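The chain contents come next:
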Amino acid sequence: MDKKIKSYFKEQSIFFISAIKWICISTFIGIIVGIVVTLFIKLVFFGVSYVSNINYYYLLLPIALFLSSFIIIKLAPAAKGHGTEKAIEAVHKNSGRSDFKVVPVKLVSTLITIIFGGSVGMEGPGTQIGSGIASLVGKLFKMDDIDTKRLVVCGISAGFVAVFGAPIGAAVFAAEVLYIGKISYVSLLPAVIASYTSYFTGLYIGTSALNFSIAFVPKYRITMFLKIVAFGIFIGIAARFFIAFINFVEKLFEKIRFYNPLKGIVGGLIIVVFVLLVGSNDYIGIGEEVLHRAMAGEKLNGFSSLFKMFTTAVTLSSGGSGGILTPMLYIGSSLGNTWAVIFNQNIAFFSAIGMAAFFGCCSNTPIAAIIIALELFGHSTGIYTSIACVVAYLIMGHTSIYPTQILVTSKTPSIKYDVNKEISNSRSKDVVLKYGFQKKLFGDKYKD
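### Side note on the overall build of the chain
Secondary structure summary: the chain contains 17 helices and five strands in total. For the chain, the C-alpha radius of gyration of 22 Å lies close to 22 Å, the compact-globule estimate for 448 residues. With respect to the three principal axes, the spread of C-alpha positions in the chain is 80 × 60 × 50 Å. The buried share of the chain, reckoned over its 448 residues, is 54%. Pairs at least 24 residues apart make up 75% of the contacts formed inside the chain by residues separated by at least 6 positions. Taken as a whole, the chain presents about 20100 Å² of accessible surface, with 65% of it coming from carbon and sulfur. Averaging the coordinates of the 39 positive side-chain charges in the chain and doing the same for the 22 negative ones gives two points 3 Å apart.

And the structure:
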């Protein structure tokens, strides 16, 4: 009995000491990342407000994309892309460790890209900056691989929430985004502490958290349930198209055989011509004002989602630096907006659901998307968002905007996939047809 009691107290003391250790470390990471990313946000908004007062400021976008690409290539090639993907890659391929040079390079290149109209967001750089700072802290304290990975999840959470708000959703996103079919529960406590610390640090310095008041509550819940299921299917299909389009444009720019920074000039010129043709600045830059208009129930251009997909794909593929999550929020809300107009539904309600569902299925983080919806929109909208999120997540299949996510389990037992591999490298091994109509469609060439 004495041995059992000793063993019990020994185990509990380890849990207690571990909890105290990670609360302290996560708080430190949250404060540091919160300060850095919040100052970065303030700098971006100051630059945008100043430059946007200049007529035709976007004419300088070709030069901005050239400079962004040039700075990254010369100083920190790992800063290329949309940020969060690089943080995920660092966890899986390098035990969370990354070159700290990425942090200042990502700050400067993203600032240049956004100020002059690049169609990107700040959350990707926020997460990469957070992971870079966390990696440096891990190096200074000589942490092992396991602890460094947990530390980087803290950094991702702290960087994400500093831009986007929704502290619980940010923590779950950081723990969920690494894998498909699994949440890193061992990282959840550090992620939550870092998220809240960063969130309150940002509020103290002077940022304002996103919050949308969606007053609409459906009267006929069963009917609305069916409409949301149909909408979730639509969002899942749209998300697959978006990712395919992003990959297609990236391959097109890869085929251009000259100095990479010059591709930024090509991409910038394409976007400038596009803006002049459509006669609107709504589809460049962060697009936060368009997002607020959609949430307020204002009808948007029916092609807003397609236009934003185009400008985002060109910006990132030609050398621009920034996040892809904010454009996904824009695209999702625009899709919901258009759906509501076509089917005579509440515009703000479907814009909100579209925003969360599109983000959740593109990133394969449906639980985080549901929690974020509850935090941003409230209970009445959040419960319907959960339906759209899980439906879109399944329709999305084994595709992701973050190709280095690890596939832990297949989304359906009917398809056997190579698991514990990056989603971009995982392939189906067998398809099991369980129903007669499937066999009529596909024949008997698949194993039953």
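### Considering the packing of aromatic side chains
Evaluation of the coordinates by the stated rule reveals 22 aromatic pairs. Relative to Phe307, the ring of Tyr283 lies with its centre 5.1 Å away and its plane at 75 degrees, an arrangement referred to as edge-to-face. With a gap of 24 residues between them, Tyr283 in the loop between helix H10 (260–278) and helix H11 (288–295) and Phe307 in helix H12 (residues 304–317) connect regions that are remote in the sequence. In this structure an aromatic cluster arises from ring pairing among Phe231, Phe234, Trp339, Phe343, Phe349, Phe350 and Tyr384. Above the plane of the ring of Tyr179 lies Lys182, whose end atom (NZ or CZ) is 4.5 Å from the centre. A cation over a ring is seen here: Lys308 above Tyr330, with NZ or CZ 4.7 Å from the ring centre.

### Side note on a nonpolar patch on the surface
A surface patch of nonpolar side chains, about 650 Å² in accessible area, is lined by Phe28, Ile31, Ile32, Ile35, Leu39, Tyr204 and Ile205. Among the elements that line the nonpolar patch, the one with the most residues is helix H1 (residues 2–51), at five residues. With respect to the element layout, Ile205 can be found in helix H8 (residues 188–205). Owing to a relative accessible area of 30%, Ile205 belongs among the partly exposed residues under this scheme.

### Thoughts on the layout of surface pockets
Roughly 1100 Å³ of internal volume is contained in the largest pocket. Along the wall of the largest pocket there are 37 residues; nearest its centre are His82, Asn247, Glu250, Glu254 and Pro403. Mapped onto the lining of the largest pocket, the elements with two or more residues apiece are helix H2 (61–75), helix H3 (84–94), helix H9 (221–254), H10 and H12. The element that contributes the greatest number of residues to the lining of the largest pocket is H9, accounting for eight residues. Of the residues that constitute the lining of the largest pocket, the class distribution is 11 nonpolar, 16 polar and 10 charged.

### A word on the packing of helix H15 (residues 366–377) against helix H16 (residues 379–396)
Here H15 crosses H16 at 160 degrees, and the two axes come no closer than 8 Å. Relative to H16, the element H15 is oriented roughly antiparallel. In this structure, H15 meets H16 at a crossing whose hand is right-handed. Residues Pro366, Ala369, Ile370, Ala373, Leu374 and Phe377 of H15 form the contact with H16, whose participating residues are His379, Thr381, Gly382, Ile383, Thr385, Ser386, Cys389, Val390 and Tyr393. Per-class residue counts for the contact of H15 with H16 are 10 nonpolar, five polar and no charged.

### Some details on the sheet that holds strand E2 (residues 406–407)
Taken together, the three strands give an open sheet; going across it, the order is E1-E2-E4, and neighbouring strands pair in mixed fashion. This sheet does not close on itself; its edge strands, each paired only once, are strand E1 (179–180) and strand E4 (421–422). In terms of strand pairing, E2 meets E4 through two bridges, oriented antiparallel. Among the inter-strand pairings, Leu407 is bridged to a residue of E4, identified as Lys421.

### What about the pattern of salt bridges?
Scanning the model with the defined rule gives seven salt bridges in all. Between Arg97 and Asp145 there is a salt bridge; the shortest N-O distance is 2.6 Å. Of this pair, Arg97 sits in the loop between H3 and helix H4 (102–115) while Asp145 sits in helix H6 (residues 145–164), and the two are 48 residues apart along the sequence. Taking relative accessible area as the criterion, Arg97 reaches 31% and is therefore assigned partly exposed. Residue Asp145 is classed as partly exposed on the basis of its relative accessible area of 40%. With its nearest N and O atoms 3.4 Å apart, the salt bridge here joins Asp282 to Arg293.

### Focus: unusual backbone geometry
Although it is not a glycine, Tyr56 adopts a positive phi angle of roughly 55 degrees. Mapped onto the elements of the fold, Tyr56 is located in the loop between H1 and H2. One non-glycine residue, Asn344, adopts positive backbone phi at about 55 degrees. Note that Asn344 resides in the loop between helix H13 (325–342) and helix H14 (347–362).

### Some remarks on the packing of helix H7 (residues 167–176) against H15
Relative to each other, H7 and H15 sit at 175 degrees, their axes nearing to 8 Å. Accordingly, the angle class assigned to the pair H7 and H15 is roughly antiparallel. Each of Pro167, Ile168, Gly169, Val172, Phe173 and Glu176 in H7 lies in contact with H15, whose residues at this interface are Pro366, Ile367, Ala368, Ile371, Ile372 and Glu375. A breakdown of the residues in the contact of H7 with H15 according to their chemical character gives nine nonpolar, one polar and two charged.

### Points about the state of the cysteines
A full pass over the atoms with the stated rule returns zero disulfides. Unpaired in this structure, Cys24 has its nearest cysteine sulfur neighbour in Cys154, at a distance of 12 Å. Cys362 forms no disulfide, and the closest cysteine sulfur to it belongs to Cys361, at a distance of 4.7 Å. For Cys362, a relative accessible area of 0% gives the class buried.

What counts, and where the lines are drawn
Residues numbered from 1 in each chain as written. Predicted model: local features only at pLDDT ≥ 70, side-chain atom pairs only at ≥ 80, totals over all residues. Heavy atoms only, no water. Helix = DSSP H or I, 4+ residues; strand = E, 2+ residues; numbered from the N terminus. Rg over C-alpha atoms; globule rule 2.2 N^0.38 Å. Buried < 20%, exposed > 50% of the residue type's maximum accessible area, 1.4 Å probe, protein only. Contact = heavy atoms within 4.5 Å. Areas by Shrake-Rupley, 256 points an atom, 1.4 Å probe, with all protein chains shown as cover. Lys, Arg positive; Asp, Glu negative; His and termini not counted. Charge placed at Lys NZ, Arg CZ, Asp CG, Glu CD. Phe/Tyr/Trp six-rings, centres within 6.5 Å; stacked < 30°, edge-to-face > 60°. Lys NZ or Arg CZ within 6 Å of the ring centre and 35° of its normal. Patch = residues over 30% accessible without salt bridge, like charges linked within 9 Å, V, L, I, M, F, W, Y side chains within 5 Å. Salt bridge = Lys/Arg side-chain N within 4 Å of Asp/Glu carboxyl O. 1 Å grid on protein atoms, 1.4 Å probe; cavity = no way out; pocket = protein on both sides within 12 Å on 5 of 7 lines; lining within 4 Å. Points joined across faces, edges and corners; volume = space filled by probe spheres on them. Nonpolar A, V, L, I, M, F, W, Y, C, P; charged D, E, K, R; others polar. Axes fitted to C-alpha atoms, helices over the stretch in contact; angles between N-to-C directions. Parallel < 35°, antiparallel > 145°, perpendicular 65-115°, else oblique. Left-handed = near helix turned anticlockwise from the far one by under 90°. Pairing = 2+ DSSP bridges. Disulfide = S-S within 2.5 Å.

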